[in-house]
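Spelled out, the chains give:
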Amino acid sequence: MPRAPQDELVFLPLGGVGEIGMNLGLYGYGPRHDRTWLAVDFGVSFGHADLPGVDLVFPDIAYLEEERSNLTGIVITHAHEDHFGALIDLWPRLKVPVYATAFTAHLLAAKIASEPGALPVPINIVKPGQRIPLGPFEVEYINVAHSIPESHSLAIRTPLGVVVHTGDWKLDDQPAIGLPTDAARFAELGEEGVLALVCDSTNALRDGRSPSETEVERELAEIIRSAHGRRVAFTTFASNVGRLRSIALAAQENGRDVVVVGRAMRRVLDVARELDMLKGVPPFLNEDAFGYLPRDKVVALLTGSQGEPRAALARVAFDDHPRIELAEGDIVVFSARAIPGNEYEINRIINALTVRGMRVITDRDRLVHVSGHPRRDELREMYGWVKPRISIPVHGQAMHLAAHADLARDLGVEKVVMIEDGIMTRLAPDPVAQVDEIEAGRLYKDGRLIGSLDDVGVVERRRLSFVGHVTVAIVVDAGGNPIGDPDLDMIGVPRLDSDGRPMEETVMNAALDTLDSVPRPVRRDPDALAEALRRAIRAAVAQAWGKKPLCKVFVSVV
């Protein structure tokens, strides 16, 4: 495609920079006020303790909605939630073409089928090595090893140069499923000339190379082999088909059947079986079979490796699962890493299992998990192949990005660009520079609702979790005189103060004293009276407790 003199190539992340998760990167081409956009990935992150009630967190796509007519498509690198999980909820706001491989497309369709009311998302299926023309962009899918099938980097060609967007990747000469990272293709691109490398930073603080999935496979097989007379349960990421396949083959080798417990894991395995990724793996059994199998003839695959409270593992740990029960001496293997922020819930489950006499094995004990992301030696190899003029570290927290940037400088990369979500960077023509800043907000999903923190009530909910709530209802006549005593209700407020007096008594006294003391004009104004009561009650509770609760006062006039 010919290049006009005013054309620019820019990169704008709306998520995934300065954080691990919620990946959404935009590439723009054209003059400043009329760019064509390409979106790479459409991911989510998950709620945590500071977001009570929030299920999912999305990048705010308000800017994309404004530019919808200029958005040529969405290309998905792989089927991890932090790369494609926002499609179900946010794609209906855009309704632009989506491109992904068969595994991603089938897994998305299976997820949609399990969510009532979810709209279908049409997917244009891409094969590895295929080149897709999308306006001024041509996108090539390049195979990489990762912890989920059909992961790909992207070579994005434009009239102003080639950008390699790595997505998630690692180097593994013997992956459990699929082909190794296509080193030869990256080297060919490097010879062709690469303008910029937009690259995974997750393990940029770790020296050496990530171990191979095959090494984990051998360790898991040994754990099953040596579990004489005991049940063995594994928990891992439901999407790690290679790991699930390794466990199933090890179980088969040792005369055990595999029981799958958890809908997410079953859904992934059904898609993998449909796409012929489980050759030689015997059928998995449903959880109903667990109780009929001898203790030394069963391996359980459980969802919940991140401590999710309603997932299968948590229910088993707290003896709350209707069909799955583990006993003293049984083995539970955490074949996954803890995503930052989930440590408390994971340790809570490990402690519960340990108290009940089960043996828990994590990656601190044995090689039961390897990362799907590159360490520093793997990054060095990628830079050696691609030889980019510009390095842009992404997919990591600030410390990961900084370590990656230092490594790129040490490798002699001409220009290393540190960016944040919302920062628009011109990659070409020179000079490389920040050219704009877009508000990179967040959207929060709470149940069926999506909105800002205020929209979904999280701000008040967070305050409620710290200071509780007092509700007072009072009836007055037209002159403002109370009819009967106020009705009180308290939630999350201490029952007694430090002197042993009921807090309800403190609230009632504050309300009655205020009613006696406020001027008559205030009594005749229901809103003014409610505000006076609210202030007095909060002050009284604060004096007794040291904290001011949320307080709502209802004044009815009869």
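Since this is a predicted model, take the numbers as computed values, not measurements.

Caption draft 1: Inspection of the overall build of the protein at higher detail. When you go through the protein residue by residue, the secondary structure sums to 16 helices and 27 strands. The dimensions of the protein, computed from C-alpha atoms along their principal axes, are 85 × 75 × 45 Å. By the burial criterion, 54% of the 558 residues in the protein qualify as buried. In the protein, once contacts between residues fewer than 6 apart in sequence are set aside, the share between residues at least 24 apart is 71%. Only carbon and sulfur atoms are counted for the fraction: they give 49% of the accessible area of the protein, which is about 24000 Å². Counting 62 positive and 79 negative side-chain charges, the protein places the centres of these two groups 2 Å from one another.

Caption draft 2: Up close: the pattern of salt bridges. Counted according to the given criterion, the structure contains 39 salt bridges. Between Glu253 and Arg225 there is a salt bridge, with its nearest N and O atoms 3.1 Å apart. Of this pair, Glu253 sits in helix 7 (residues 241-253) while Arg225 sits in helix 6 (residues 213-225), and the two are 28 residues apart along the sequence. Several salt bridges converge on common partners, so that one network encompasses Arg131, Glu138, Glu140, Arg157, Arg185, Glu188 and Glu192.

Caption draft 3: Inspection of the sheet that holds strand 21 (residues 423-428) at higher detail. What the eight strands build is an open sheet, ordered 8-7-6-3-2-1-21-22; its pairing is mixed. On the outer flanks of this sheet lie strand 8 (124-125) and strand 22 (433-437), each paired with one strand and no other. Pairing of strand 7 (residues 98-100) with strand 8, which is carried by two bridges, proceeds in the parallel orientation. Bridge pairing links Ala100 to Ile125 in strand 8.

Caption draft 4: Local environment of the pairing of strand 13 (residues 196-200). Burial analysis of strand 13 places five of its five residues in the buried class, which makes it a mostly covered element. In terms of strand pairing, strand 12 (residues 161-165) meets strand 13 through three bridges, oriented parallel. Across the sheet, the residue bridging to Val164 is Leu197, located in strand 13. The parallel pair strand 12 and strand 13, bridged by helix 5 (residues 183-192), forms a crossover whose chirality is right-handed. Sheet topology note: the strand 13/strand 19 (residues 390-394) ladder contains five bridges and is parallel. In the sheet register, Asp200 faces strand 19, and the bridge partner there is Val394.

Caption draft 5: Quick look at the nonpolar core. Ranked by size, the top nonpolar core spans 71 residues in total, and within it Phe42, Ile74 and Phe103 carry the most contacts. Here this core takes six residues from helix 7, the largest share from any one element. In terms of nonpolar packing, the next biggest core, distinct from the first, is built from 32 residues, Val17, Ile132, Val139 and Ala196 among them.

Caption draft 6: Local environment of the packing of helix 14 (residues 503-517) against helix 16 (residues 526-545). For the pair helix 14 and helix 16, interaxial distance at closest approach is 9 Å and the crossing angle is 140 degrees. Classified by the angle between their axes, helix 14 and helix 16 sit oblique to one another. The handedness of the crossing between helix 14 and helix 16 is right-handed. Where helix 14 abuts helix 16, its residues Met503, Thr506, Val507, Ala510, Ala511, Thr514 and Leu515 lie against Leu529, Ala532, Leu533, Ala536, Ile537, Ala540, Val541, Ala544 and Trp545.

Caption draft 7: Looking closely at the packing of aromatic side chains. Enumeration over the complete set of coordinates arrives at three aromatic pairs. Pairing Trp37 with Tyr63 gives two aromatic rings, centres 5.8 Å apart and planes at 85 degrees, and the pair type is edge-to-face. Of the two residues, Trp37 is situated in strand 3 (residues 36-40) and Tyr63 in helix 1 (residues 62-66); the sequence distance between them amounts to 26 residues.

Caption draft 8: The arrangement of the pairing of strand 25 (residues 469-476) in detail. Covered by surrounding structure in strand 25 are Val470, Val472, Ile474 and Val476 only, the residues His469, Thr471, Ala473 and Val475 on the alternate face being uncovered. For strand 25 and strand 26 (residues 487-491), the ladder comprises five bridges, and the chain directions are antiparallel. The residue bridging Thr471 from the neighbouring strand is Asp489, located in strand 26. Note that strand 25 and strand 27 (residues 550-557) share eight bridges and pair parallel. Across the sheet, residue Val476 finds its bridge partner in strand 27, namely Val557.

Caption draft 9: Here's a closer look at unusual backbone geometry. In this structure, the amide linkage connecting Ala428 to the following residue, Pro429, adopts the cis form with an omega of -5 degrees. Asp430 connects to Pro431 through a cis peptide bond whose omega is 0 degrees. Position of Pro431 relative to the elements: it lies in the loop between strand 21 and strand 22. Within the chain, Lys387 stands out as a residue other than glycine whose phi angle is a positive 50 degrees. With respect to the element layout, Lys387 can be found in the loop between helix 11 (376-386) and strand 19. Relative accessible area serves as the criterion here: at 46%, Lys387 is assigned to the partly exposed category.

Caption draft 10: Local environment of helix 10 (residues 343-355). With 13 residues, helix 10 should reach 18 Å at 1.5 Å per residue; the first-to-last C-alpha distance of 18 Å fits that figure. For helix 10, the complete set of buried residues consists of Ile346, Ile349, Ile350, Ala352 and Leu353. Angular distribution of buried residues about the axis of helix 10 spans 160 degrees; they occupy a single face of the element. For helix 10, the exposed residues lying more than 90 degrees away from the buried face are Tyr344 and Val355.

The rules behind these values
Throughout this description, residue numbers start from 1 for each chain and increase along the sequence as written. Given that the model is predicted, a residue must reach a pLDDT of at least 70 before its local features are reported, and side-chain atom pairs must reach 80 or more before they are shown or counted; all residues, however, enter totals for whole chains, interfaces and linings. No hydrogens and no water enter the side-chain calculation; it runs on all heavy atoms of the structure. Comment: elements are numbered from the N terminus, with helices defined as DSSP H or I runs of at least four residues and strands as E runs of at least two. The cut-offs for exposure are 20% and 50% of the maximum accessible area for each residue type, with area from a 1.4 Å probe on protein chains only; residues under the lower value are buried, those over the upper are exposed, and the others partly exposed. By definition, residues are in contact when any of their heavy atoms lie within 4.5 Å. Each accessible area is a Shrake-Rupley result for a 1.4 Å probe, and residues are judged covered by the shown protein chains and nothing else. The charge count includes Lys and Arg as positive and Asp and Glu as negative, but it does not include His or the ends of the chains. The location of each charge is read from NZ of Lys, CZ of Arg, CG of Asp or CD of Glu. Salt bridge, as used here, is a side-chain nitrogen of Lys or Arg placed within 4 Å of a carboxyl oxygen of Asp or Glu. Between any two strands, pairing holds if DSSP finds at least two bridges. Note on handedness: a clockwise path from strand one over the helix to strand two, with the strands aimed away from the viewer, defines a right-handed crossover. Among buried residues, those of type Ala, Val, Leu, Ile, Met, Phe, Trp, Tyr and Cys that are joined through side-chain atoms within 4.5 Å constitute a nonpolar core. Every angle, taken between N-to-C directions, lies between 0 and 180 degrees, and every axis is a line fitted to C-alpha atoms, over only the stretch in contact when it is a helix. Here roughly perpendicular refers to angles of 65 to 115 degrees, roughly parallel to angles under 35, roughly antiparallel to angles over 145, and oblique to all remaining angles. By definition, any crossing whose near helix is turned counterclockwise from its far helix by less than a right angle is left-handed, and any crossing with a clockwise turn is right-handed. Only Phe, Tyr and Trp rings are paired, with Trp represented by its six-membered ring, and only when their centres lie within 6.5 Å; those with planes under 30 degrees apart are stacked, over 60 edge-to-face, the remainder tilted. How far a helix is expected to stretch is found by multiplying one less than its residue total by 1.5 Å. To be clear, the arc concerns the directions from the helix axis to the C-beta atoms.

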